[in-house]
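The residues making up each chain are set out below.
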Amino acid sequence: MTKQKMIQTIQLQEAKLYLELKQAEQQYGMHDDFTISRRSQWVSVHRLMQAMNIESDNTLPDNAKAIAIICQLVREEREAA
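So, here's what we can say about the structure. (Residues numbered from 1 in each chain as written. Predicted model: local features only at pLDDT ≥ 70, side-chain atom pairs only at ≥ 80, totals over all residues. Heavy atoms only, no water.)

## What about the pattern of salt bridges?
Counted by the stated rule, this structure contains three salt bridges. Among the ionic pairs, glutamate 25 bridges to lysine 22, the shortest N-O distance being 2.9 Å. You can see glutamate 25 and its partner lysine 22 sitting in helix 1 (residues 3-28), three residues apart, about one turn around the helix. The exposure class assigned to glutamate 25 is buried, which follows from its relative accessible area of 11%. Accessibility expressed as a relative area gives 12% for lysine 22, which makes it buried. Arginine 39 serves as the salt-bridge partner of glutamate 25, at 3.3 Å between the closest nitrogen and oxygen. Note that glutamate 25 is positioned in helix 1 and arginine 39 in helix 2 (residues 33-51), a separation of 14 residues in sequence. Linked through salt bridges whose partners overlap, the residues forming this network are Lys22, Glu25 and Arg39. (Salt bridge = Lys/Arg side-chain N within 4 Å of Asp/Glu carboxyl O. Helix = DSSP H or I, 4+ residues; strand = E, 2+ residues; numbered from the N terminus. Buried < 20%, exposed > 50% of the residue type's maximum accessible area, 1.4 Å probe, protein only.)

This is the structure we're talking about:
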């Protein structure tokens, strides 16, 4: 496996975990045990990426889906206010 392929694999995993975190926040809320578990998993990979100077790939489909969830949650918060 080349260095670039390893970086891509890490980025894909980070995007997958980030989407799972945002889905959990949407379904169960920020403080649910399941959400906390998902956050812990994502943070572990994200910190590894930071230590290795690897940036998230915001062009990945899972990141786009996570951003859509974030936008939806923000809209819902604004409507509720």
